[in-house]
Amino acid sequence: MDHVWISSGSTTIEAMVNPIAAACVGDGINEQFIPDTVYFLNNPGLGDSIDTASNLTRTILEQHGVAEPEIRVGTIDHETEFDAIVSHFRGAIEAAQDADAEIAVDVTPGRKFMSVIAFNAGTTFDVDHIFYFYLKSSEYYSRIYPDIPKPAAELYDFTEVLS
């Protein structure tokens, strides 16, 4: 079975890759989730962060046994193109459902309204996981997952929390 990860983008690379790294080892969740395909959403305000996050994500997934990770990047012209943001999540979820994949939506990166849209898409379209990577202190905001002390961060799966 394929595993699909759907997220938005962020100027903070760690917000995009740390949740994936935590999911791959099953940190804080019932079982690990290693995606084969990852969707990010780019917009002009993100600069090179999507490229960097895509490369790091590919490395993380290869280290967890995914031979050829697929990184798909959708693009919008402005971060307030709400219909396009909704389409990003809906389209990726529908494609994953058509492929009978296990689906995770990550609400960690991006602006609050993007996280709200992502969360709503996850609940509306009944995905398998809705992840949020929580840092207990801003001291760790710019650190990559392996460098964050275990007690300082936790990955939550809201489908487990809300059940």
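For the structure itself, look to the data block above.
Please read all numbers here as calculations on a predicted model, not as lab measurements.

Definitions and limits used
Counting restarts for each chain: residues are numbered from 1 in the order of the written sequence. Given that the model is predicted, a residue must reach a pLDDT of at least 70 before its local features are reported, and side-chain atom pairs must reach 80 or more before they are shown or counted; all residues, however, enter totals for whole chains, interfaces and linings. Remark: hydrogens and water are excluded; side-chain values derive from all non-hydrogen atoms of the structure. Ring geometry is summarised as follows: Phe, Tyr and Trp rings, the Trp one being its six-membered ring, pair when their centres sit within 6.5 Å, and such pairs are stacked at plane angles under 30 degrees, edge-to-face over 60 and tilted between the two. Here a strand is any run of E in DSSP of at least two residues, a helix any run of H or I of at least four, and the numbering for each starts at the N terminus. Accessibility here uses a 1.4 Å probe with only protein chains present; expressed as a share of the type maximum, an area under 20% marks a residue as buried, one over 50% as exposed, and anything in between as partly exposed. A helix's residues, less one, multiplied by 1.5 Å, set its expected span. This arc is built from the directions going out from the helix axis to the C-beta atoms. Contact criterion: two residues are considered in contact whenever any of their non-hydrogen atoms come within 4.5 Å of each other. In this analysis, strands are considered paired if DSSP registers two or more bridges between them. Interaxial angle, 0 to 180 degrees, is taken between N-to-C directions of lines fitted to C-alpha atoms, where a helix line uses only the stretch in contact.

Asks: I'm lost on the packing of aromatic side chains in this one. Help?
Replies: The geometry of an aromatic ring pair is captured by two quantities: the separation of the ring centres and the angle between the planes. Applying the stated criterion to the full structure yields eight aromatic pairs. When the centroid spacing of 6.2 Å and the interplanar angle of 45° are considered together, the rings of Trp 5 and Phe 33 count as tilted. Here the residue Trp 5 occupies a position in strand β1 (residues 3–6), and Phe 33 occupies one in the loop between α1 (13–25) and β2 (37–42), the gap between them amounting to 28 residues. Taken as a pair, Trp 5 and Phe 33 share a single burial class, namely buried. Through a chain of ring-to-ring contacts, the aromatic side chains of Trp 5, Phe 33 and Phe 131 assemble into a single cluster.

Asks: I tried to follow helix α3 (residues 82–98) on my own but got confused; where do I start?
Replies: Residues that lie three or four places apart on an α-helix share one face, since the helix turns once every 3.6 residues. Across its 17 residues, α3 extends 24 Å between first and last C-alpha, which sits within 8% of the 24 Å expected from 1.5 Å per residue. By the burial criterion, the buried members of α3 are Ile 85, His 88, Phe 89, Ala 92, Ile 93 and Ala 96. The buried residues of α3 occupy an angular sector of 110° when the element is viewed end-on, so they sit on one face. What points out from α3, more than 90 degrees from its buried face, is the exposed set Asp 83 and Asp 98. Residues of α3 that are buried sit in contact with β1, β2, β4 (102–106) and α4 (112–124). Of the residues flanking the end of α3, it is Asp 100, one or two places downstream, whose phi is positive at about 55°.

Asks: Can you help me understand the sheet that holds β1 in this one?
Replies: Strand pairing in a sheet is mediated by backbone hydrogen bonds. Such pairs are either parallel or antiparallel. Strand order in the open sheet made by the six strands is β3-β2-β1-β4-β5-β6, with mixed pairing throughout. Each having just a single partner strand, β3 (70–75) and β6 (153–157) make up the two edges of the open sheet. Mean inter-strand twist for the sheet, computed between neighbouring axes without regard to direction, equals 20°. Bridge count between strand β5 (residues 129–135) and β6: five bridges; the pairing is antiparallel. Bridging from a neighbouring strand, Tyr 134 pairs with Glu 154 of β6. Together, β1, β2 and β4 form the strand contacts of α3, whose direction differs from that of β2 by roughly 170°.

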